[in-house]
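Fold and geometry: a report
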Amino acid sequence: MKLYRFLTGPDDAGFCHKVTAALNKGWHLFGSPTYAYDKKAKAMRCGQAVVKDVEGQEYGPDTKLSDW
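Because the structure is a prediction, the values reported are computed rather than measured.

A word on a nonpolar patch on the surface
A surface patch of nonpolar side chains, amounting to about 340 Å² of accessible area, comprises Tyr4, Phe6 and Phe30. Here phenylalanine 30 is to be found in strand 2 (residues 28–38). For phenylalanine 30, a relative accessible area of 48% corresponds to the partly exposed category.

This is how it looks when you write it as structure tokens:
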């Protein structure tokens, strides 16, 4: 199965750690990161898509992506 996640967070070290943790679990960057201003929070927000191939497993709507 191919899995997709879109990681988001404030523009801080925590976001970088979130992406780094996903990469160390075997996820791969997919596309370019995004960067936008959140008017409500009055802060910059980051986003990065990641993908992962998992052999021998079938995807279903109950698949918890963060477990992989």
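Focus on the environment of cysteine 16
Along the chain, cysteine 16 falls in helix 1 (residues 13–24). When the C-alpha positions of cysteine 16 and cysteine 46 are compared, they lie 9.3 Å apart, and in sequence the two are 30 residues distant.

Focus: the environment of leucine 29
Tracing the backbone through its elements, the reader meets leucine 29 in strand 2. C-alpha separation for the pair leucine 29 and valine 50, spaced 21 residues apart in sequence, amounts to 4.6 Å. Discounting residues that sit within four places of it in the chain, leucine 29 has contacts with Val19, Leu23, Gln48, Ala49 and Val50.

A word on unusual backbone geometry
In this structure, lysine 42 takes a positive phi of about 55 degrees despite not being glycine. Tracing the chain through its elements places lysine 42 in the loop between strand 2 and strand 3 (43–53). Judged by relative accessible area, lysine 42 falls into the exposed class, the value being 65%.

Conventions and cut-offs
Residues numbered from 1 in each chain as written. Predicted model: local features only at pLDDT ≥ 70, side-chain atom pairs only at ≥ 80, totals over all residues. Heavy atoms only, no water. Patch = residues over 30% accessible without salt bridge, like charges linked within 9 Å, V, L, I, M, F, W, Y side chains within 5 Å. Areas by Shrake-Rupley, 256 points an atom, 1.4 Å probe, with all protein chains shown as cover. Salt bridge = Lys/Arg side-chain N within 4 Å of Asp/Glu carboxyl O. Helix = DSSP H or I, 4+ residues; strand = E, 2+ residues; numbered from the N terminus. Buried < 20%, exposed > 50% of the residue type's maximum accessible area, 1.4 Å probe, protein only. Contact = heavy atoms within 4.5 Å.

By themselves, these figures tell us nothing about what the structure is for.
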